[in-house]
Amino acid sequence: MSPNQKSATGWELSHLDALEAESVHIFREVAATFERPVLLFSGGKDSVVMLHLAAKAFWPAPLPFPVLHVDTGHNFDEVIAYRDETAARLGLRLLVGSVQEDIDAGRVTEETGPRASRNRLQTHTLLRSIREGGFDAVFGGARRDEEKARAKERVFSFRDEYGQWDPRNQRPELWNLYNGRHRRGEHIRVFPLSNWTELDIWSYIAAEEIALPPLYYAHRRDVVQRDGMLLARTRFLELLDGEQPYEATVRFRTVGDATCTGCVESAAATPDEVVLEVAATRVTERGATRADDRISEAGMEDRKREGYF
């Protein structure tokens, strides 16, 4: 049945239309009940889809809130270029929280060595940006299918005055009723894509013809084999003894800090080809290509308790 086709029992929404409607409702609910929302936008596929949905929710008006990128300083050049182009094209109020500024100011200490990553330092910069902006609701693109700690999340995720997440201190969301009550200094993380899967995201990208950074499609790149992953050879990656970069045809399933985000060998060069590839995989994108999720069995949950997404 085609989207929104009328059947014998009445009008029926397609699966993607139902997900879209739910996300649009969440955006409008937040705009109606919070004073200072902000949308996290990294240029990754989930934040791109989230931004697309937000634009639909308030069209033809501009977004009623700014977008925030927590910049590690170790991002892929293609993603930063896409972020800036998108902000200019849509007239977004783009805010950038800089991890490098926190390092320079002595607020955080940078790791050193060939396995060093700034990924964990993002938490301090994120919390500082939320505090300085006075934001009481923060949209994030996390999905429940990505990782088991994220599977515990509510759509409205309560955070205390320190930005910490306590899985035992969350509100029920029966019948899609959301409780955004909070005190001064506390805030709510909001996840409009909670019920989406990676396959849903790519099917929607294909259906809506949403542009993405070219990293998400097959291209030739120098890579290094490390810990069962392919890491891109960039100026941020320090080689270990014996590592030999080689060229391969790859694409990225997720995009983050260049020092800990892996790619996969792939010939998928279009959204439809990626949809077919994702439909056949049995490992989530974070499980397959994010070294920062392999710190420990509860690595993501530990970081979420510290204030991470």
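Residues numbered from 1 in each chain as written. Predicted model: local features only at pLDDT ≥ 70, side-chain atom pairs only at ≥ 80, totals over all residues. Heavy atoms only, no water.

Caption draft 1: Inspection of the packing of helix α1 (residues 15-33) against helix α2 (residues 45-58) at higher detail. As a packed pair, α1 and α2 sit with axes 9 Å apart at the nearest point and diverge in direction by 70 degrees. Comparing the axis directions of α1 and α2 gives the class roughly perpendicular. Once α1 is placed against α2, the crossing between them reads as right-handed. Between α1 and α2, the residues in contact are Glu20, Ser23, Val24, Phe27, Arg28 and Ala31 and Met50, Leu53, Ala54, Lys56, Ala57 and Phe58, respectively. (Axes fitted to C-alpha atoms, helices over the stretch in contact; angles between N-to-C directions. Helix = DSSP H or I, 4+ residues; strand = E, 2+ residues; numbered from the N terminus. Parallel < 35°, antiparallel > 145°, perpendicular 65-115°, else oblique. Left-handed = near helix turned anticlockwise from the far one by under 90°. Contact = heavy atoms within 4.5 Å.)

Caption draft 2: Up close: the nonpolar core. Ranked by internal contacts, the top residues of the largest apolar core, which has 58 residues, are Phe27, Leu39, Val49, Phe156 and Trp202. The greatest single-element share of this core, amounting to 8 residues, is contributed by α2. Apart from residues no more than four positions distant in its own chain, Phe27 is found in contact with Leu39, Met50, Leu53, Ala54, Ala57, Phe58, Phe65, Phe139 and Pro192. Membership of the second largest hydrophobic core comes to 12 residues, among which are Leu40, Leu68, Val99 and Val108. (Core = buried A, V, L, I, M, F, W, Y, C linked by side-chain atoms within 4.5 Å. Buried < 20%, exposed > 50% of the residue type's maximum accessible area, 1.4 Å probe, protein only.)

Caption draft 3: Quick peek at the side chain of Thr72. Mapped onto the elements of the fold, Thr72 is located in the loop between β4 (67-71) and α3 (77-90). Classification of Thr72 by relative accessible area gives buried; the value is 1%. Within the structure, the side chain of Thr72 is placed 3.0 Å from the backbone nitrogen of His74, a separation counted as a polar contact. If near-sequence neighbours (up to four positions away) are discounted, Thr72 is found in contact with Val99, Arg118, Gln122 and Asp257. (Polar contact = N/O pair within 3.5 Å; in protein donor to acceptor, adjacent residues only side chain to side chain.)

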